[in-house]
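# Understanding the architecture of this molecule
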Amino acid sequence: QLSPNHYANICPNVESIVRRAVQNKFQQTFVTVPATLRLFFHDCFVQGCDASVLVASTGANQAEKDHSDNLSLAGDGFDTVIKAKAAVDAVPQCRNKVSCADILALAARDVVVLAGGPSYTVELGRFDGLVSRASDVNGRLPQPGFTLNQLNSLFAANGLTQTDMIALSGAHTLGFSHCNRFSNRIYSTPVDPTLNKQYAAQLQQMCPRNVDPRIAINMDPNTPRTFDNFYYKNLQNGQGLFTSDQILFTDQRSRPTVNSFASNANVFNSNFVAAMTKLGRVGVKTARNGKIRTDCSVL
Ligand code: HEM
Ligand SMILES: [Ca+2]
Ligand SMILES: [Ca+2]
């Protein structure tokens, strides 16, 4: 049973402790923001929001983070949670009382705020999962080539509507992508017709054939460091980076929602907050099937 006041007696300052740690990390690198936000999503969609994504592999177990779909998760997201956990545990009353899953949920909210996005109340009381298996990731995360039906069915499997899915996709207003995620769109004949011609040419320039696979580019070409509704305006202009982004505007069924988020930042913000709150409830563990980890990377 999640509640914003879960730690009121256990660790009353947990919110400010996590916020300060996230702020410190943010001052070192902006990558903290997209990395932490994406990490939360990849956690919640596999075994629920239980910090299973944070677990390191051991000789006996290949953990989620080593699945191919998770290899592009930026290390700064993991580091943010580790730093915040250390800050929480430095307070005697809080030591080993706050779950890694809750710290990640708080940190995801805090990075959105640091990038200029909306603030919101985070529900707390998740326990950390007892397993993390790479094989559990198979088929649980959306792929950049997904159709609207594929996106909808995967999000529906997590209790999220098409509107939630469109709002959460707005996270692509921040952060980076490697070139191979969309190279099929710019090097097909003809070039993907839903791509803005000028944007396609820019992408070809930034991501030439046989580009170094480590090269990553901004997903939002206009305001890559601001959490805003530019993602949806980009879709209207044919500047959606992935097939799974642009389809939200191309398909008649999702276009009205994209247009409404593009024309009204407040509508986007409130839908994003509602969807993040729902995302944070996915597969939550309790004392019966979870625990509070002492080290977020060790079961
Ligand atoms: C709707 C289906 C989604 C698909 C197909 C998708 C796919 C991707 C892909 C392929 C990347 C680039 C990874 C790389 O090459 O490094 C990416 C990055 C990112 N995604 Fe998504 N994503 C989806 C939804 C979400 C959601 C729901 C969130 C969070 C609420 C999210 C947050 C991010 C962020 C912040 C990045 C940038 C990461 C960074 O810069 O380190 N995505 N996504
Ligand atoms: Ca998880
Ligand atoms: Ca932006």
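What counts, and where the lines are drawn
Residues numbered from 1 in each chain as written. Chains lettered and ligands numbered in written order. Predicted model: local features only at pLDDT ≥ 70, side-chain atom pairs only at ≥ 80, totals over all residues. Axes fitted to C-alpha atoms, helices over the stretch in contact; angles between N-to-C directions. Helix = DSSP H or I, 4+ residues; strand = E, 2+ residues; numbered from the N terminus. Parallel < 35°, antiparallel > 145°, perpendicular 65-115°, else oblique. Contact = placed C-beta atoms within 7 Å. Nonpolar A, V, L, I, M, F, W, Y, C, P; charged D, E, K, R; others polar. Domains from an automatic or database assignment.

## A few points about the packing of helix α2 (residues 32-44) against helix α3 (residues 75-89)
Running from N to C, α2 and α3 point in directions that differ by 80°, and their axes come no closer than 7 Å. Judged on the interaxial angle alone, α3 and α2 are roughly perpendicular. Where α2 approaches α3, its residues T32, A35, T36, R38 and L39 are matched on the opposing element by D76, G77, F78 and T80. A breakdown of the residues in the contact of α2 with α3 according to their chemical character gives 3 nonpolar, 4 polar and 2 charged.

## Let's talk about the domain arrangement of the protein chain
The domain architecture assigned to the protein chain consists of domain 1 (14-141) and domain 2 (159-276). Between domain 1 and domain 2, the residue contacts involve 12 residues of the former and 13 residues of the latter. Considering every element that reaches the side of domain 1 that touches domain 2, the biggest residue donor is α2, with 4 residues.

## Re the packing of helix α5 (residues 148-156) against helix α6 (residues 162-169)
As a packed pair, α5 and α6 sit with axes 9 Å apart at the nearest point and diverge in direction by 100°. On the basis of their axis angle, the class for α5 and α6 is roughly perpendicular. For the pair α5 and α6, the contacting residues are L151, N152 and F155 in the first and Q162, D164 and M165 in the second. Looking at the contact of α5 with α6, its residues break down into 3 nonpolar, 2 polar and 1 charged.

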